[in-house]
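Geometric and topological summary
Each chain is listed here by its residues.
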Amino acid sequence: MELFSTILILILIVSLSGVVIKMLPIQIPLPLMQILLGCILAAFGFYVEFDPELFLVLFIPPLLFADGRKTSTKDFVHNVREIVGLALVLVVITVIALGYLLYWILPNVSLAAALALAAVLSPTDAVALSGIVGKGRIEKEKMEIIEGEALMNDASGLVSLKFAVLIAIGQMEFRLFEISVSFIFVAIGGLTIGALITWIYARILRKINQLTHNDPAIQMVLLFLLPFAVYLIAEHIGFSGILAAVSAGMTVNHSGMMRNAPLNARLQSDSIWSMLTFVFNGFVFILLGIQLPKILSSTYAENETDNSIEVWQLGVIVIFIFIALMLTRFLWLLAMKHIPPLPFGKRRPLAFKSYSTRDLLISTFAGVRGAITLAGVLSIPMTIHGRYELVFIAAGTILVSLVTAVIVLPILLRGTVILDNTEKDNEILSVKGHMAEEAIVSLEKMQNNLLQDVDTGNDAGNIDSEIIHEVGSRVISSLRRRTGLKNLEEKSLEAENLERRMRLVAIGAERTALLQMKINNEVSDEVFEHLNNDLDFYEKMISEEA
C-alpha cells in the first residue's frame, strides 16, 4: 500500500509541476522545477529509496526508445560523423582527461574510481536541454546533432563506467586494447540486438493482430513492453541494453509495425507515448530532487571522519570540474571545426565547419548533465573508497550544469528567431500534391469501373450513376486543390482550412446532439460510448491534417 501511495504522489507532483511553471511570473524550466519539488518533498520527510539498477531498467529504456522513434534515421546517418565525434571520441577524451584530473585533485581516491566518476559525467541530457531552451530555439540541424549525441553517449558513458568499476574492485586489469575491443563489441551487439528483435517483434505483432481482430489495447501494451524486452535481452547476453533500446526505437518506423497496426492503435500511439514520456521524465527529475538532501547530509556525515578534504573544498571542486567539462567540450568542438575533409569516404566537411563562435558556445553549454549521471554514480559500489565524494561531485555538477544552462543559453540565443518553416512547408505542399495526383488517378479508375457496372447491370451497379458522378467529382475536386499548382496553393490552403473548420463545427454539433440524447435517455450507454469515440477519432484525424 505504501508503494502504491508513493507512486500516486509522484504522478500527482509530476502533473502539478507543469501547472506550477505556467503560474509563476518568471519562466523556470520544467526539469529545475521538478528537482525543486523533489527537494521540497524530501524536506517534509518523503523519501524514495534509489535503486540505480532498477532506475536504469524502469525509466531509461522507454525514454530512449521514445527518443529513438522521434529520431530521423536519414538525419542521423547524415550527421553520423558529428555524432560519433561527440558521443564516442569526446566521451573517451573526457573520461581520460577528467579522470586523471580528478585523480590529481581528490586525495585517497584511486585512479579507477576517478575514471568511473569521469565516465558518469560524460553523458549529456537532451531532455533537460529541451526543457530549458524550449522548442525551436536551437536550429534544427544543430539540435539533431545534440540529440543524436545524447542518444548515443549514454551507452558509451555507462560502458566506460562498467569497465572502470571492474578495474576499481579488482575484477579486471587495465588493458587498453582489450577494453577498446570489448567496448566496440558491446556497442555493435546492442545496436544489432535492438534492430533484430524489433523486426521479429513486428512480425509477431502482425500475427497477434490477426488473432485478436486488431485490438488496439493489446497492440499498445505489447509495443510498450518492447524497449524493456530489448534492454533486458541485450544486457543478459552482455551487450549494451541502452543502445539496444535506442536501436529498437529507430527501427520501429522502418519495421512496418505501426504502418500495419490498426487505425485506432496508430491514433492512440502518439498520445500514449507523449503521456508516458512526460510522466517518466518527471519521475526522473523529481527522484533526483528527492535524493539531493540525503546526498548532502551523507556528505557532511562521512566527511566528519575524513580529514583529507573539507566539504567546502568539494564545492569548489564541483565548480572546477564543471569548468573543465565545458572547456574540454568547447576545445573538441573547435578542433572538429578545423578538421579538414578526409581523403576517403564523404568529402563533405563536418557541420561544425560552418559554426560561429556563438554556435560553438551554444553547443558547449547545451551539454547539460542529468539522470544518467546520477544513476551511474549511485551504482558505484559502496566498497570503493571515497564514494561519497564522487556522489557529491556528480550531483553538484548536474545542478551547476542545469543552472548555468538556464542563465547562459538564453543570453547566447538572444536575437535568434524560431526556425523558419518555409522549406518544410514547401516540401509538404509538394509531397501532398504528388499524393493527390496518384489518388485522383485511382479514383478516376474506380469511378469508371462503377459506371461500367451500372451500364452492364452488375451487382455493384445498384448505385445511381448521378450519385457516382456527384461524389466522385466532389472528392476529386478536393484533391485537385492539392496538386501543388503555384497559382492554386494559397486558395488550396484556404479551402482546406475552411473545410476543416466546417467539419470541426459539424463534429461539435453532432457531439452536442449525442450528449443531449444521452441526457434524455434516448440512447444507450454502449451506443453513446461507441459514437462518442468515433467522433473523437474523426476530430483527431481532421485536426492533424495539414
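Rules used throughout
- Residues numbered from 1 in each chain as written.
- Predicted model: local features only at pLDDT ≥ 70, side-chain atom pairs only at ≥ 80, totals over all residues.
- Heavy atoms only, no water.
- Helix = DSSP H or I, 4+ residues; strand = E, 2+ residues; numbered from the N terminus.
- Buried < 20%, exposed > 50% of the residue type's maximum accessible area, 1.4 Å probe, protein only.
- Contact = heavy atoms within 4.5 Å.
- Areas by Shrake-Rupley, 256 points an atom, 1.4 Å probe, with all protein chains shown as cover.
- Phe/Tyr/Trp six-rings, centres within 6.5 Å; stacked < 30°, edge-to-face > 60°.
- Lys NZ or Arg CZ within 6 Å of the ring centre and 35° of its normal.
- Axes fitted to C-alpha atoms, helices over the stretch in contact; angles between N-to-C directions.
- Parallel < 35°, antiparallel > 145°, perpendicular 65-115°, else oblique.
- Left-handed = near helix turned anticlockwise from the far one by under 90°.
- Nonpolar A, V, L, I, M, F, W, Y, C, P; charged D, E, K, R; others polar.
- Polar contact = N/O pair within 3.5 Å; in protein donor to acceptor, adjacent residues only side chain to side chain.
- pLDDT = per-residue confidence, 0-100.
- Expected span 1.5 Å × (residues − 1).
- Bend = angle between axes of the 7 residues up to and from the residue.
- Core = buried A, V, L, I, M, F, W, Y, C linked by side-chain atoms within 4.5 Å.

A count of helical and extended segments in the chain gives 21 helices and zero strands. Expressed as a percentage of its 546 residues, the buried residues of the chain come to 46%. A sequence separation of at least 24 residues applies to 80% of the contacts in the chain between residues at least 6 apart. Of the roughly 29000 Å² that the chain leaves accessible, carbon and sulfur atoms contribute 64%.

Bringing the packing of aromatic side chains into the picture now. Under the counting rule described, the total for this entry stands at eight aromatic pairs. Ring geometry for phenylalanine 65 against tryptophan 273: centres 5.3 Å apart, planes inclined by 40 degrees, an arrangement best described as tilted. Of this pair, phenylalanine 65 sits in helix α4 (residues 60–70) while tryptophan 273 sits in helix α13 (residues 263–303); the two residues are 208 residues apart in sequence, bridging distant segments of the chain. Residue classification places tryptophan 273 among the buried positions, given a relative accessible area of 7%. Of the aromatic side chains, those joined through ring pairs into one cluster are Phe59, Phe65, Phe224, Phe228, Trp273, Phe280 and Phe283. The positively charged end of lysine 142 is found above the aromatic ring belonging to tyrosine 355, 4.9 Å away from the centroid. A cation over an aromatic ring shows up here: lysine 518 above the ring of phenylalanine 528, its NZ or CZ 5.8 Å from the ring centre.

Each packed pair of helices is defined by two parameters, the angle between the axes and the distance between the axes. Between helix α7 (residues 111–121) and helix α17 (residues 387–412), the least distance of the axes is 10 Å, while the angle of their chain directions is 20 degrees. For the element pair α7 / α17, the angle class is roughly parallel. At the point where α7 passes α17, the crossing takes the right-handed sense. Here Ala113, Leu117 and Leu121 of α7 lie close against α17, whose contacting residues are Leu390, Ile393, Ala394 and Thr397. Tallied by class, the residues present in the contact of α7 with α17 amount to six nonpolar, one polar and no charged.

On to unusual backbone geometry, then. The phi angle at asparagine 108 is positive, at roughly 65 degrees, despite the residue not being glycine. Assignment of secondary structure puts asparagine 108 in the loop between α6 (80–105) and α7. Using a relative accessible area of 46% as the deciding quantity, one classes asparagine 108 as partly exposed. Positive phi, close to 60 degrees, is recorded for asparagine 521, a residue that is not glycine. Secondary-structure assignment places asparagine 521 in the loop between α20 (489–519) and α21 (525–544).

Attention shifts here to the packing of α6 against helix α14 (residues 311–337). Where α6 meets α14, the axes come as close as 10 Å, and the angle between the chain directions of the two elements is 145 degrees. In this structure, α6 meets α14 at a crossing whose hand is right-handed. Where α6 abuts α14, its residues Gly85, Leu86, Val89, Leu90, Ile93, Thr94, Leu98, Leu101, Leu102 and Ile105 lie against Ile317, Phe320, Ile321, Ala324, Leu325, Thr328, Arg329, Trp332, Leu333 and Met336.

Attention now moves to the side chain of threonine 397. The residue threonine 397 is located in helix α17 in this model. One polar contact links the side chain of threonine 397 to the main-chain carbonyl oxygen of isoleucine 393, over a distance of 2.7 Å.

Here we come to the confidence of the model for the chain. Chain-level pLDDT for the chain is 80 on average; 84% of the residues reach the 70-or-more range. Here helix α8 (residues 126–133) is the element of the chain with the lowest mean pLDDT, 68, and α14 is the one with the highest, 92.

Here we take up α6. Compared with an ideal rise of 1.5 Å per residue, which puts 26 residues at 38 Å, α6 spans 35 Å between its outermost C-alpha atoms and is within 8% of the ideal. Within α6, the axis deviates most sharply at leucine 90, by approximately 30 degrees. The complete set of buried residues in α6 reads Glu82, Ile83, Gly85, Leu86, Ala87, Leu90, Val91, Thr94, Val95, Leu98, Gly99 and Leu102. The inward-facing, buried residues of α6 abut α5 (73–78), α7, α9 (140–168) and α14.

Turning to the nonpolar core, a few remarks are in order. Membership of the largest hydrophobic core comes to 101 residues, with the highest contact counts inside it found for Phe55, Leu106, Leu117 and Val377. At 13 residues, the largest contribution of residues to this core is made by α17. Sequence-distant contacts of phenylalanine 55, defined by excluding residues within four places in its chain, comprise Phe50, Ile60, Val284, Leu287, Ala371 and Ala375.

Spanning 14 residues, helix α2 (residues 30–43) covers 20 Å between terminal C-alpha atoms, matching the ideal 20 Å at 1.5 Å per step. Taking burial as the measure, the 14 residues of α2 include 10 buried ones, the bulk of the element. Every buried residue belonging to α2 is among Leu30, Pro31, Leu32, Met33, Gln34, Ile35, Leu37, Gly38, Leu41 and Ala42, and all of these are buried. Count one or two residues on from α2 and you reach glycine 45, which has phi positive near 90 degrees.

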